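Residue-level listing of the chains:
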Amino acid sequence: MSQPVTTAMDSLTAALKSNIIPNQEYLLQGSVLDSAVEVLLHRLRGLCDNVDSGPETFHDHEMCFSIRGTNLQPLLLRVRRALDYQDMPWQLRYIGQPEIGDKNRPTIVRSSIDIGTSSTVVEFLTELGCRMDFEYIVRGYMFRKGRMKITVSKIFKVGQVAQGKPAESMEPMSQSYLVELSVLAPSGQDAIAEDMRSFAEQLRPLVQLEKVDYKRLQHMP
Amino acid sequence: MSNLLNMAYSVNISVEAPIENQIQEITYDGQEIYQTPLSMSESLAKLAQKIDFSKASTEEIVKEGADQQDKNDEDSATKESATFQSSLWPWDSVRNKLRNALTEVCVLADVLAIAKEKRYIVLDHVPQDALETKPMVQVYARKKALAGAASVLLAGAERLRASQNELARNRTTPDFHIELLRLRQNWRLKKVSNSIIGDLSYRTAGSKYAQTGMFEVTKAEEEPQATGSPPPSPGAGAAAGPPKSSSALRVTVPSELQGVAYIEVLCQKDQEDLCSATINLLGSGPASTNPDVHWQQKLEAAQNVLFCKELFNQLAKEAVQLQAPIPHMVVGNQIMATVLPGIQLIIGLYHSTGNDKKPNPTPPQKSEHDHVLEHSLHQLLREVHHKNTHHPFPHPSSGPVGPSKKRCLAGPMAADRYELLEMTKSQTLLEQIIQQAQHFFMRLRTEYVLDTIAKEVKDPLIVSHWNALNSPTQSCVKINIMTHGYDSVYRTSLVVHVGEKSLKCVCRDGRVMHMSYEPQELRDLIFCQIYQHQITAVQGLAKCMGWQFLANSTHLGLGAVEPLGNASSCILASPIGDRIIAVRCEPQTGVQVAIAQSPRKDFFPGQLVKERKWENLGGSFKEVRWDKMEGKNFLNKMELLMSSLTSSQ
């Protein structure tokens with residue numbers, strides 16, 4: 001009753017100023033063949049937190065939208081939902097370009113803003129004028145070590161049936177698993193990148209996690 | 001010295017080789033004829049004779065070069081014995097041999113030149129006959145070789161084993177490394193420069209306590225083994241044996257973690273102990289100060305001390321921070337909290353290091369809920385640890401790790417500020433344990449009330465069934481009120497939910513009543529229910545007996561005001577209608593029954609009321625002396641009354 005009335009805007013600006021909102025993603029990526037994934041999972045299970053509970057599985061569906069404004073570059077937005085947890089909110093995510101920092105940075109650093117939404121976000125984006133570029137289904141395992149999150153996942157093409165049960169007609173994109181090590185942190189916490197690199201060293205002979213140069217990938221035929 | 005001599009005397013000295021030539025003959029006149037020394041060519045010839053052309057070719061080449069030069073110079077020489085060919089001069093064999101060699105070399109050079117051209121001659125492998133291999137022979141040969149190697153290795157292994165056994169037999173204490181292996185299987189160790197440091201804290205399990213639990217592992221000094229006690233089996237880890245077992249390694253725990261600690265929870269009612277829960281995780285009394293106690297026991301005791309300290313520290317912090325209606329007190333090693341008015345919860349940390357003689361507190365009485373509250377405390381702290389490590393995973397997987405499901409849904413579901421604040425609130429350990437203690441007392445009181453009533457009231461039987469499954473803060477009891485012998489006629493059921501500070505009673509007819517922690521309220525309620533049961537049971541009985549039910553009232557407004565509850569009554573008529581029974585029940589004064597007869601027995605037509613028919617209006621009610629009535633219980637008495645009043649006509 002005697003507290004000063006604070007508006008939502010005040011709280012929001014205070015939160016932004018105090019730098020607690022995680023808006024940057026530190027990322028390392030690698031891949032393993034199907035034949036080698038069991039060994040990698042075993043190793044991760046031993047290295048990561050909570051050995052007693054088994055690895056957490058996830059089954060997600062991601063759609064990428066783009067909208068072309070007045071700028072030359074289209075704005076890319078990603079919508080992701082969990083197929084195995086239907087009651088969790090959908091996620092709308094913006095991923096920025098990786099920072100063109102010095103080569104000494106151990107990880108990719110890019111801005112990432114994600115928001116929880118309801119399932120009507122697709123309709124909303126379509127109404128705004130976004131168009132879906134592509135979609136895919138991801139299925140795999142998640143591990144956690146401290147603040148770091150490690151995912152080992154396989155990407156599938158979305159099947160023809162779009163009734164909400166596309167599981168039967170999924171076909172994998174490749175014979176390998178994608179391994180990602182990521183941390184979502186507020187900007188300015190570069191020390192975490194060193195921890196990520198040393199953790200990647202521990203996985204070294206099984207999988208090589210490294211920075212991926214996206215620009216080079218784009219120029220490949 | 002000789003130089004000086006030379007300068008003094010200056011004598012010329014000449015040096016010449018002695019005559020080595022052999023004397024060939026001495027003539028009669030004393031002249032010596034020396035053998036003429038060999039000339040250059042002759043000595044060369046002599047040397048050439050020594051060459052063995054069948055030996056290494058290097059010598060040949062060297063000599064060949066020299067000989068070829070001299071071959072043209074010499075012309076005469078003495079005759080020497082040749083090899084298999086008699087030759088005139090010693091160089092003949094040499095020359096022949098050289099000529100042959102030259103021929104052969106020329107031929108070879110020509111062949112090589114032609115072969116190099118590959119037009120007329122091609123060099124090719126000579127087909128070799130395949131060596132006839134006899135496999136069995138090979139197998140046998142290999143077997144023998146392997147057997148030889150194996151015997152050598154076995155002999156070596158035997159020798160090592162014998163030496164190891166002897167070492168183990170001579171040494172009664174187990175090997176340091178085996179002990180270290182056992183230690184490492186149970187505790188986390190790491191090597192820091194020269195020493196081995198271990199960690200016995202709960203940090204990896206999620207504890208955020210500041211005190212570190214580091215211990216050091218060292219080799220025990222060699223001590224002469226005390227005879228008498230049987231030597232322990234090597235590598236034994238169990239501490240069930242005699243405490244005198246010495247091991248090869250020694251652990252040093254920090255001084256503040258030595259000894260044994262336990263948390264004691266005591267519930268006091270104003271000064272006397274109601275119940276207490278003494279906990280000692282190790283199961284034995286205060287510490288044995290035996291320095292030879294096995295390292296496993298020592299480490300477990302130290303870990304227990306650390307856990308108790310963390311628990312007490314957390315509780316003390318909360319006790320100071322919480323705002324309770326009656327403030328909690330923290331005095332030394334004890335926390336005092338008020339559970340219910342007049343009942344206090346005392347949580348104490350007792351740490352005996354064994355060095356100083358601490359007077360044992362008065363042995364607490366162990367009631368039947370001995371370990372429950374301490375176990376709850378232990379579990380609560382472990383739950384805090386668990387929450388610190390097990391954060392929920394994000395679904396979808398690209399979200400941040402950390403926010404709970406509620407928090408994730410707060411955005412899309414438009415949670416307001418109040419909901420968000422509620423999400424951040426959580427109960428402290430002290431609040432939780434106080435709630436559990438409160439519930440414990442509520443349950444105790446409810447049990448007591450029900451048992452007392454069941455003992456006092458025999459007429460309708462009070463049967464209570466407690467739920468087997470309950471939570472630390474809520475229990476349920478189902479109460480049935482029925483009369484012995486008439487339980488199929490009518491039964492009153494009610495359910496009482498026992499909370500932390502209140503009771504909730506739900507009756508069969510849908511009434512819900514909330515009561516506070518005073519036991520008297522429950523008692524009053526049960527009594528009211530009993531007497532209402534009687535009236536309703538009578539109605540049920542009347543149906544069985546064929547009597548008609550005329551009227552009833554659960555809250556009667558007639559008669560004196562009842563101190564407790566309201567009186568209830570009912571009126572019954574016999575099958576043919578000639579008798580009427582009226583029953584009135586109340587909790588304080590009990591039961592009153594009166595009967596009336598329909599055609600009046602005492603009707604006399606008078607001046608005002610002339611006709612006979614008015615006798616059917618029924619007489620006045622006469623009270624029955626209920627205590628003199630036959631019957632085991634109220635319903636039985638009612639049944640007998642009804643049967644006696646029923647007349648078949």
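Every chain's residues receive numbers from 1 upward, in the order its sequence appears when written. Both sets of labels track the order of writing: A upward for chains, 1 upward for ligands. Only residues with pLDDT of at least 70 get local features here, since the model is predicted, and only at 80 or more are side-chain atom pairs given and counted; chain-wide, interface and lining totals rely on the full set of residues. Remark: hydrogens and water are excluded; side-chain values derive from all non-hydrogen atoms of the structure.

As recorded in an unreviewed UniProt entry, chain A goes by the name Mediator of RNA polymerase II transcription subunit 18, listed as coming from Cryptotermes secundus. UniProt positions are given in the numbering used here, feature names are shortened, and annotations may be inferred rather than shown by experiment. Quoted verbatim from the Subunit (unreviewed entry) field of UniProt, the annotation for chain A is "Component of the Mediator complex."

**Description of the overall build of chain B**
In terms of helices and strands, chain B carries 13 helices and 21 strands. Residues classed as buried in chain B amount to 32% of the 649 residues present. When contacts within chain B are restricted to residue pairs at least 6 apart in sequence, long-range pairs at least 24 apart make up 57% of them. As displayed, chain B has an accessible area near 42300 Å², and 55% of this comes from carbon and sulfur atoms. Comment: elements are numbered from the N terminus, with helices defined as DSSP H or I runs of at least four residues and strands as E runs of at least two. With a 1.4 Å probe rolled over the protein chains alone, any residue whose accessible area is under 20% of its type maximum counts as buried; one over 50% counts as exposed, and the rest are partly exposed. Whether two residues are in contact is decided by their heavy atoms: any pair within 4.5 Å suffices. Every accessible area reported is derived by Shrake-Rupley at a probe size of 1.4 Å, with residue values counting cover from the shown protein chains alone.

**What about the interface of chain B and chain A?**
Each partner contributes to the interface: chain B provides 17 residues, whereas chain A provides 27 residues. By convention, the term buried area covers the 1.4 Å-probe accessible surface removed from two parts as they join, with the contributions of both added. Buried surface at the junction of chain B and chain A, summed over both partners, amounts to about 2000 Å²; 59% is from carbon and sulfur atoms. For the chain B face of the interface with chain A, the top three residues by lost area are Phe393(B), His395(B) and Ser397(B), together amounting to 33%. The salt bridge criterion pairs a side-chain nitrogen of Lys or Arg with a carboxyl oxygen of Asp or Glu, the two atoms within 4 Å. Where chain B meets chain A, there are one salt bridge. Residues adjacent in sequence count toward polar contacts only when both atoms are side-chain atoms; beyond that, a polar contact is any pair of N or O atoms within 3.5 Å, and within protein one must be able to donate a hydrogen and the other to accept it. Where chain B meets chain A, there are eight residue pairs in polar contact (both at pLDDT 80 or more). At three residues, the largest contribution of residues to the side of chain B that touches chain A is made by helix α9 (residues 405-410) of chain B. For the side of chain B that touches chain A, the residue count by class is eight nonpolar, seven polar and two charged. Three categories are distinguished: nonpolar for Ala, Val, Leu, Ile, Met, Phe, Trp, Tyr, Cys and Pro, charged for Asp, Glu, Lys and Arg, and polar for the others, with Gly belonging to the last.

**Some words on the packing of aromatic side chains**
Residues and elements named next belong to chain B. Here is the rule: rings of Phe, Tyr and Trp (six-membered ring for Trp) pair when centre to centre is within 6.5 Å. Planes less than 30 degrees apart are stacked, more than 60 are edge-to-face, and the remainder are tilted. Taken as a whole, this structure holds six aromatic pairs over all chains when the rule is applied. A centroid spacing of 6.3 Å and a plane angle of 80° characterise the contact between tryptophan 187 and phenylalanine 215, whose relative ring orientation is edge-to-face. Taken together, the residues tryptophan 187 in the loop between α6 (176-186) and β3 (188-192) and phenylalanine 215 in strand β5 (residues 214-219) connect sequence positions 28 residues apart. In terms of burial, tryptophan 187 and phenylalanine 215 fall into one category: buried. Consider the rings of tryptophan 626 and phenylalanine 634, whose centres lie 5.9 Å apart with planes at 55°: the pair is tilted. Residue classification places tryptophan 626 among the buried positions, given a relative accessible area of 12%. Phenylalanine 634 gets classed as buried once you look at its relative accessible area, which sits at 2%. Counting as a charge over the ring demands two things of the Lys NZ or Arg CZ atom: a distance within 6 Å of the ring centre and an angle within 35 degrees of the ring normal. Stacked on the ring of phenylalanine 176, the Lys or Arg lysine 219 has its end atom at 4.9 Å from the ring centre.

**Here we look at the pattern of salt bridges**
The full count for this structure, using the stated rule, is 23 salt bridges over all chains. For Asp509(B), the salt bridge is made with Arg511(B), and the minimal N-O distance between the two is 3.1 Å. The exposure class of Arg511(B) is partly exposed, given its relative accessible area of 33%. One salt-bridge network, in which partners are shared between bridges, spans Asp60(A), Glu62(A), Arg78(A) and Arg80(A).

**Examining the confidence of the model for chain B**
Residues and elements named next belong to chain B. Per-chain confidence: chain B averages 81 in pLDDT, with 82% of residues scoring 70 or above. Contacts for the low-pLDDT stretch residues 223-245, under 50 throughout, to residues beyond four places or in other chains number 22 contacts. Predictor confidence is given residue by residue as pLDDT, running from a minimum of 0 to a maximum of 100. Low pLDDT, under 50, characterises residues 279-288; the predicted model gives this stretch 20 contacts beyond four residues in sequence or across chains. For this predicted complex, the interface confidence reaches an ipTM of 0.81, while the overall pTM sits at 0.66.

**Considerations on the packing of helix α8 (residues 372-389) of chain B against helix α11 (residues 429-456) of chain B**
All names here are of chain B. In this analysis, axes come from line fits to C-alpha atoms, helices being fitted only over the stretch in contact, and the angle between any two N-to-C directions falls in the range 0 to 180 degrees. At a minimum axis separation of 10 Å, α8 and α11 run at an interaxial angle of 150°. As summarised for this structure, α8 and α11 are arranged roughly antiparallel, according to the angle between their axes. Seen along the crossing, α8 lies across α11 with a hand that is right-handed. Contacts between α8 and α11 involve Leu373, Ser376, Leu377, Leu380, Leu381 and Val384 on the former and, on the latter, Leu429, Gln432, Ile433, Gln436 and Ala437. Its residues assigned to classes, the contact of α8 with α11 comprises eight nonpolar, three polar and no charged. Relative orientations are named as follows: roughly parallel for angles under 35 degrees, roughly antiparallel for angles over 145 degrees, roughly perpendicular for angles from 65 to 115 degrees, and oblique for any other angle. By convention, the crossing between two helices is left-handed when the near helix turns anticlockwise from the far helix through less than a right angle, and right-handed when the turn is clockwise.

**Some thoughts on the sheet that holds strand β17 (residues 548-556) of chain B**
Residue and element names in this part refer to chain B. Reading across from one edge, β17-β18-β19-β20-β21 is the order of the five strands in this open sheet, with antiparallel pairing throughout. The sheet is open, and its two edges are formed by β17 and β21 (622-623), each paired on a single side. When DSSP locates at least two bridges between a pair of strands, those strands are taken to pair. Relative to strand β18 (residues 567-573), β17 is paired through six bridges, and the arrangement is antiparallel. Counted as the bridge partner of leucine 556 is alanine 567 from β18. Contacts from helix α13 (residues 634-645) reach β18, β19 (579-586) and β20 (590-597) within the one sheet, and its direction differs from that of β19 by about 165°.

**Let's talk about the pairing of strand β9 (residues 176-185) of chain A**
Residues and elements named next belong to chain A. Burial analysis of β9 places eight of its 10 residues in the buried class, the great majority of the element. Bridging between strand β1 (residues 24-33) and β9 involves 10 bridges; their strand directions are antiparallel. Opposite leucine 27, over in β9, you have serine 182 as the bridge partner. Summarising the sheet, strand β7 (residues 148-157) and β9 pair through five bridges and their orientation is antiparallel.

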